[in-house]
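Descriptive structure summary
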2 protein chains.
Amino acid sequence: MSHPPGITTSDKHRVVIIGSGFGGLTAARKLKRANVDVKLIAKTTHHLFQPLLYQVATGILSEGEIAPPTRIILRKQRNAQVVLGEVTHIDLANRTVDSVLLGHTYRTPYDSLIIAAGAGQSYFGNDQFAEWAPGMKSIDDALELRGRILGAFEQAERSSDPVRREKLLTFVVVGAGATGVEMAGQIAELADHTLKGAFRHIDSTQARVILIEGADAVLPPMGPKLGGKAQRRLEKMGVEIQLNAMVTDVDRNGLVVKYKDGTTKRIESATKVWSAGVAASPLGADLARQSDTEIDRAGRVKVLPDLTIPGHSNVWVVGDMAFVEGVPGQAQGAIQGGRYAANLIKAELRGADPSVRAPFKYWNKGSMAAVSKHSAVAQVGKLEFGGYLAWLAWLFLHLIYLVGFQTKIITLLSWARSFLSPGRGQLTITEQQAYARTRIEQLEEVVASTEDDEKAS
Amino acid sequence: MSHPPGITTSDKHRVVIIGSGFGGLTAARKLKRANVDVKLIAKTTHHLFQPLLYQVATGILSEGEIAPPTRIILRKQRNAQVVLGEVTHIDLANRTVDSVLLGHTYRTPYDSLIIAAGAGQSYFGNDQFAEWAPGMKSIDDALELRGRILGAFEQAERSSDPVRREKLLTFVVVGAGATGVEMAGQIAELADHTLKGAFRHIDSTQARVILIEGADAVLPPMGPKLGGKAQRRLEKMGVEIQLNAMVTDVDRNGLVVKYKDGTTKRIESATKVWSAGVAASPLGADLARQSDTEIDRAGRVKVLPDLTIPGHSNVWVVGDMAFVEGVPGQAQGAIQGGRYAANLIKAELRGADPSVRAPFKYWNKGSMAAVSKHSAVAQVGKLEFGGYLAWLAWLFLHLIYLVGFQTKIITLLSWARSFLSPGRGQLTITEQQAYARTRIEQLEEVVASTEDDEKAS
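If you check an unreviewed UniProt entry, chain A appears there as NADH:ubiquinone reductase (non-electrogenic) from Mycolicibacterium insubricum. Quoted verbatim from the Cofactor (unreviewed entry) heading of the UniProt record, the comment on chain A is "FAD". Under the heading Subcellular location (unreviewed entry), UniProt records this for chain A: "Cell inner membrane".

Here it is in structure tokens:
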């Protein structure tokens, strides 16, 4: 049977997957040998290895190393197609998914649906903070932050006003989860080592890095022992840690922190990073409007033991979008959820009984965070360890999970460069990034006077 | 003597360099051991290895590999400082340079001035073309083009309209100089090899790549023999070459070409690249307003035999901004000009007589262009050669001129990946780039209807 070019028809079981993160990509790959038609709809063209995003933001890795195109990864999987578009609505009754690309809305029917649309940054109702304290959820975020961090040093170098200079050299990371700890550590290393001696009017090692956490410990889910280890290591690197501290306001020039003891303090800072909370994709709320699905405060879907939603045994929600007791919002949860859903689809197409599904079981492989060069903390079962050994484990595990052999090699080299020397290979920022805040600054802070360079600098 | 922090004073001879390209960076480095104060003012934070920009645009290299931060390169050169800012005016009478950063204007005095501000793209009076046919002069340009090229394939994959799909799969490169030839070749390789099989509704190998040139040959400055070689190689790769063809209009959906025989044709194309002409920095015109300096039609300064301007033996103009008979607008011209100016400054500070300067002599090391994987054309003196040997020479030369040992290693690996396999490591585009034209497309081309995916795709 021949088809006109560009038209494919199929009577196969149609699996639609939403999202190209760990959950969605794993599900698609697991369906490789199944007699199904897979459509993976995602709003980015790449699969993002989110745990290393902070290394793109701080100049160690290039975006290409952690974000290969999804359609290249799935190129040889002939039963899968990758579709660019942002999913705006799921119609559970008619079994269709609407996605939008460049003003066109496309409707895609499904027989089985795996929703793995992830989570974005949550500002706990203060979305206006986002402009001044970007999150760390996408390649766009990481490159924006790279531009802001390096741009702040550049502006400080040219400023003759000591107050402005101090503001520019104060970096605040909000939230001391893994991403916050890693960002704070990397900004400190950037300032203390990579940029050391590169400026003439400022001393980059004098930059302040402040890590703010609402709970009473660093890395709260990893427990007091590892949290304490990470905290001591960060403090040794000069990171100032403020615990029991809630951010109540963020603006262009700084932020306001309220402490548990009732006191309030303003910190002047040009560059803020938000890693304090997550909000699941709004598609969870879309499901809740049409079914008995419940969502929690973070917008996560309270799934059934088989990761489906009530009344729709053909609709799975996996990864950061799903709330499952005991499953953390990490890569492993998404990977195992995606694999579980794909395996059920395969088994039931082969005749397994959908009414007797074995519930999803999460295998906790542990969690880890790289605090600095050569130092990490790790938790595997009841085993907790930190330091160099944990860092080697971190290195090894992240490397094997990276997609593609050549990417592993090039990433290993990028790491060798940054771990063995202060050098980093990806400190480039675009002109747009270097001058990103030009218009805002001009609007709010134009100083018409001409400064004499010899005096000013 | 101690200075307040952030203030340096000096009675040393003050050399100001404008631009961090090949000319400016070479001049700064050559002054390493001179008893001078060097200020290098540049509008980007990086030194750009412009000959490899097309590889960033087509996904082979990351921006970090070809654009290391200038201040990291010059970190250990204690007599040099790098200053971020865009130079807006040179005051020859008072010997000062004005530069702007974030609304502040800074005035920097000089004793000697080396102007190496380079050239931008020229649209020959049609600057409105720039929006639809970006040039290839900066990292911003390269990343923008990467987004447009890969985004066009993505949009074509989702389009059900054959006319629109054809427009999206037609890539036009205007100007068949080295950059145009390299871009056309790389887009063809991207479509024919890297992206082959990655789409399901389009065949990327069916993409058209059209190279348009106003002269009667490809690579006009390299002569008919090498131009013919390059042309045949490109045609073998499927690139359509149109010679004696002038682009008279460019818009969102295509461009209009007028041929020497008087006929006119419109080509429908979503993605256009402009590499047809250069216009020197407007600082040349700024000099002409204040002195007897003359500029040519491209805005280049007609320098004296010692590369200075009339009446100002302490002001050098080097690189793409200068017009010197027999010196092409290439890296070598800028490198040799920057070195010459720095050497004169050093010699005259040691007592050499400024009135008997030996004129600048350009040593033509030859020129080359990489047409495709494993194929280049090269000209060294009277020797002209093409093919694999020329490509090896191209590889070797570009590698040794890259700044930094580690960059060379990582670039060599990136090249190994792309030359030995169809894979490319830097195909990532940001969401902003993937949807860059969303708003424009929405404004001009909203299709309100919902397409049924099964029909549409």
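Moving on: the overall build of chain A. A tally of regular secondary structure across chain A gives 15 helices and 24 strands. A compact globule built from 457 residues would reach a C-alpha radius of gyration of about 23 Å, and chain A, at 24 Å, matches this within 12%. Along the first, second and third principal axes, the C-alpha atoms of chain A reach 80 × 50 × 45 Å. The contacts of chain A with a sequence gap of at least 6 include a subset with a gap of at least 24, amounting to 63%. With an accessible surface of roughly 18400 Å², chain A has 54% of that area assigned to carbon and sulfur atoms. Positive and negative side-chain charges in chain A, numbering 53 and 47 respectively, have mean positions lying 8 Å apart.

The final tally for this structure, using the stated rule, is 20 aromatic pairs over all chains. Judged by centre distance (6.0 Å) and plane angle (25°), the rings of F153 of chain A and F199 of chain A are stacked. Remark: F199 of chain A occurs in the loop between helix 7 (178-194) and strand 10 (208-212) and F153 of chain A occurs in helix 5 (residues 139-158); sequence separation between them is 46 residues. Here F153 of chain A falls in the buried class, since its relative accessible area comes to 0%. The exposure class assigned to F199 of chain A is buried, which follows from its relative accessible area of 6%. An aromatic cluster is defined as three or more aromatic residues linked by ring pairs; in this entry it consists of Y388, W391, W394, W415 and F419 of chain A. A cation over a ring is seen here: R158 of chain A above Y106 of chain B, with NZ or CZ 3.9 Å from the ring centre.

Take the pattern of salt bridges next. Residues and elements named next belong to chain A. Summed over the entire model, instances satisfying the criterion amount to 26 salt bridges over all chains. Residue D111 is joined to R14 by a salt bridge in which the shortest nitrogen-to-oxygen separation is 3.2 Å. Placement of the pair is D111 in the loop between strand 6 (104-109) and strand 7 (112-115) and R14 in strand 1 (residues 13-18), with a sequence separation of 97 residues. Here R357 makes a salt bridge to E348, at a shortest N to O gap of 2.7 Å. Connected via shared salt-bridge partners are D251, R266 and E268.

Turning chain B through 180° and shifting it by 0.0 Å along the axis lays it on chain A, with an RMSD of 0.0 Å. On this basis, the relationship between the two copies can be described by a two-fold rotation axis.

A few words on the interface of chain B and chain A. Between chain B and chain A, the contact holds 90 residues from the first and 89 residues from the second. Overall, the association of chain B and chain A removes approximately 8300 Å² of surface from exposure, summing both partners, and the carbon and sulfur fraction of that is 49%. Among the residues chain B hides against chain A, the three largest losses belong to L102, R158 and R200 of chain B. Together they make up 11% of the total. In this structure, the salt-bridge partner of R146 of chain A is E63 of chain B, at a minimum N-O distance of 3.7 Å. The interface formed by chain B and chain A holds 38 residue pairs in polar contact (both at pLDDT 80 or more) in total. The dominant element in the side of chain B that touches chain A, judged by the number of residues it contributes, is helix 5 (residues 139-158) of chain B, at 8 residues. Its residues placed into classes, the side of chain B that touches chain A shows 27 nonpolar, 36 polar and 27 charged.

Turning to the environment of Q330 of chain A, a few remarks are in order. You can see Q330 of chain A is positioned in the loop between strand 20 (322-323) and helix 10 (331-349). Those residues within four positions of Q330 of chain A in sequence are excluded, and the remaining contacts are D320, G366 and S367 of chain A.

Looking now at the sheet that holds strand 12 (residues 245-251) of chain B. Residues and elements named next belong to chain B. If you walk across this open sheet you meet the 3 strands as 12-13-14, and the pairing is antiparallel. The outermost strands of the open sheet, each flanked by one partner alone, are strand 12 and strand 14 (264-268). Ignoring strand direction, the axes of neighbouring strands in this sheet form an average angle of 25°. Two strands pair when backbone bridges link them, and strand 13 (residues 254-259) and strand 14 are joined in this way by 5 bridges, in the antiparallel orientation. Across the sheet, K258 pairs through a bridge with T264, a residue of strand 14.

Viewed as axis vectors pointing N to C, helix 12 (residues 405-420) of chain A and helix 12 (residues 405-420) of chain B meet at an angle of 175°, and their least axial separation amounts to 11 Å. In terms of orientation, helix 12 of chain A and helix 12 of chain B fall into the roughly antiparallel class. Counted together, Q406, T407, I409, I410, L413, S414 and R417 of chain A of helix 12 of chain A and Q406, T407, I409, I410, L413, S414 and R417 of chain B of helix 12 of chain B form the full contact between these two elements. Its residues placed into classes, the contact of helix 12 of chain A with helix 12 of chain B shows 6 nonpolar, 6 polar and 2 charged.

Once that is clear, we can look at the side chain of T194 of chain A. Mapped onto the elements of the fold, T194 of chain A is located in helix 7. Relative accessible area serves as the criterion here: at 3%, T194 of chain A is assigned to the buried category. In contact with T194 of chain A, not counting residues within four places along its chain, are E189, P422, R424 and L427 of chain A together with I72 and R75 of chain B.

Before going further, it helps to spend a moment on a nonpolar patch on the surface. A contiguous nonpolar surface patch, about 370 Å² in accessible area, is contributed by F396, L397, I400 and Y401 of chain A. Among the secondary structure elements, L397 of chain A is positioned in helix 11 (residues 388-401).

Residue and element names in this part refer to chain A. Together, R29, K32, R33 and K76 line one region of the surface with positive charge. Tracing the chain through its elements places K76 in the loop between helix 4 (70-73) and strand 3 (80-84). Take K76: its relative accessible area is 71%, and that puts it in the exposed class.

Attention now goes to the sheet that holds strand 23 (residues 383-387) of chain A. Residues and elements named next belong to chain A. An order of 21-22-23 is seen for the 3 strands of this open sheet, with the pairing classed as antiparallel. The sheet is open, and its two edges are formed by strand 21 (367-372) and strand 23, each paired on a single side. Each strand of the sheet is rotated relative to its neighbour by a mean of 10°, with strand direction disregarded. Pairing of strand 21 with strand 22 (residues 375-380), which is carried by 5 bridges, proceeds in the antiparallel orientation. Looking at the pairing, M368 lines up with A378 of strand 22. Along the sheet face, helix 8 (residues 223-236) touches strand 21, strand 22 and strand 23 and points at about 175° away from the line of strand 22. The sheet strands contacting helix 11 are strand 21, strand 22 and strand 23, and the helix crosses strand 23 at an angle near 100°.

What follows concerns unusual backbone geometry. Although it is not a glycine, L102 of chain A adopts a positive phi angle of roughly 50°. Among the residues examined, L102 of chain A registers a relative accessible area of 3% and is labelled buried. Located in the positive-phi region is H374 of chain B, a residue other than glycine, with phi close to 65°. Checked against the element boundaries, H374 of chain B lands in the loop between strand 21 (367-372) and strand 22 (375-380).

Let us now look at the confidence of the model for chain A. Residues and elements named next belong to chain A. Per-residue pLDDT for chain A averages 91, and the proportion of residues at 70 or more is 93%. Under a pLDDT of 50 for its full length, residues 438-449 has, in the predicted model, 18 contacts with residues more than four places off or in other chains. Across the assembled chains, the prediction reports ipTM 0.91 with pTM 0.93.

In terms of burial, strand 3 (residues 80-84) of chain B is a largely internal element, 5 of the 5 residues being buried. The alternating pattern of strand 3 of chain B places A80, V82 and L84 of chain B and Q81 and V83 of chain B on opposite faces, both of which are buried.

On to the domain arrangement of chain A, then. As assigned here, chain A comprises domain 1 (13-43 + 85-121 + 279-349) and domain 2 (128-276). Each of domain 1 of chain A and domain 2 of chain A was reduced to a C-alpha centroid, and the two centroids are 34 Å apart.

Below, the discussion takes up the environment of M222 of chain B. Residues and elements named next belong to chain B. By secondary structure assignment, the location of M222 is in the loop between strand 10 (208-212) and helix 8 (223-236). Look at M222 and you get buried, because its relative accessible area is 6%. Along the primary structure M222 and I73 are separated by 149 residues, whereas in three dimensions their C-alpha atoms are 33 Å apart.

What counts as what
- Residues numbered from 1 in each chain as written.
- Chains lettered and ligands numbered in written order.
- Predicted model: local features only at pLDDT ≥ 70, side-chain atom pairs only at ≥ 80, totals over all residues.
- Heavy atoms only, no water.
- UniProt positions renumbered as here; feature names shortened; annotations may be inferred.
- Helix = DSSP H or I, 4+ residues; strand = E, 2+ residues; numbered from the N terminus.
- Rg over C-alpha atoms; globule rule 2.2 N^0.38 Å.
- Contact = heavy atoms within 4.5 Å.
- Areas by Shrake-Rupley, 256 points an atom, 1.4 Å probe, with all protein chains shown as cover.
- Lys, Arg positive; Asp, Glu negative; His and termini not counted.
- Charge placed at Lys NZ, Arg CZ, Asp CG, Glu CD.
- Phe/Tyr/Trp six-rings, centres within 6.5 Å; stacked < 30°, edge-to-face > 60°.
- Buried < 20%, exposed > 50% of the residue type's maximum accessible area, 1.4 Å probe, protein only.
- Lys NZ or Arg CZ within 6 Å of the ring centre and 35° of its normal.
- Salt bridge = Lys/Arg side-chain N within 4 Å of Asp/Glu carboxyl O.
- Least-squares fit on C-alpha atoms with pLDDT ≥ 70 in both.
- Buried area = accessible area lost by both parts, 1.4 Å probe.
- Polar contact = N/O pair within 3.5 Å; in protein donor to acceptor, adjacent residues only side chain to side chain.
- Nonpolar A, V, L, I, M, F, W, Y, C, P; charged D, E, K, R; others polar.
- Pairing = 2+ DSSP bridges.
- Axes fitted to C-alpha atoms, helices over the stretch in contact; angles between N-to-C directions.
- Parallel < 35°, antiparallel > 145°, perpendicular 65-115°, else oblique.
- Patch = residues over 30% accessible without salt bridge, like charges linked within 9 Å, V, L, I, M, F, W, Y side chains within 5 Å.
- pLDDT = per-residue confidence, 0-100.
- Domains from an automatic or database assignment.

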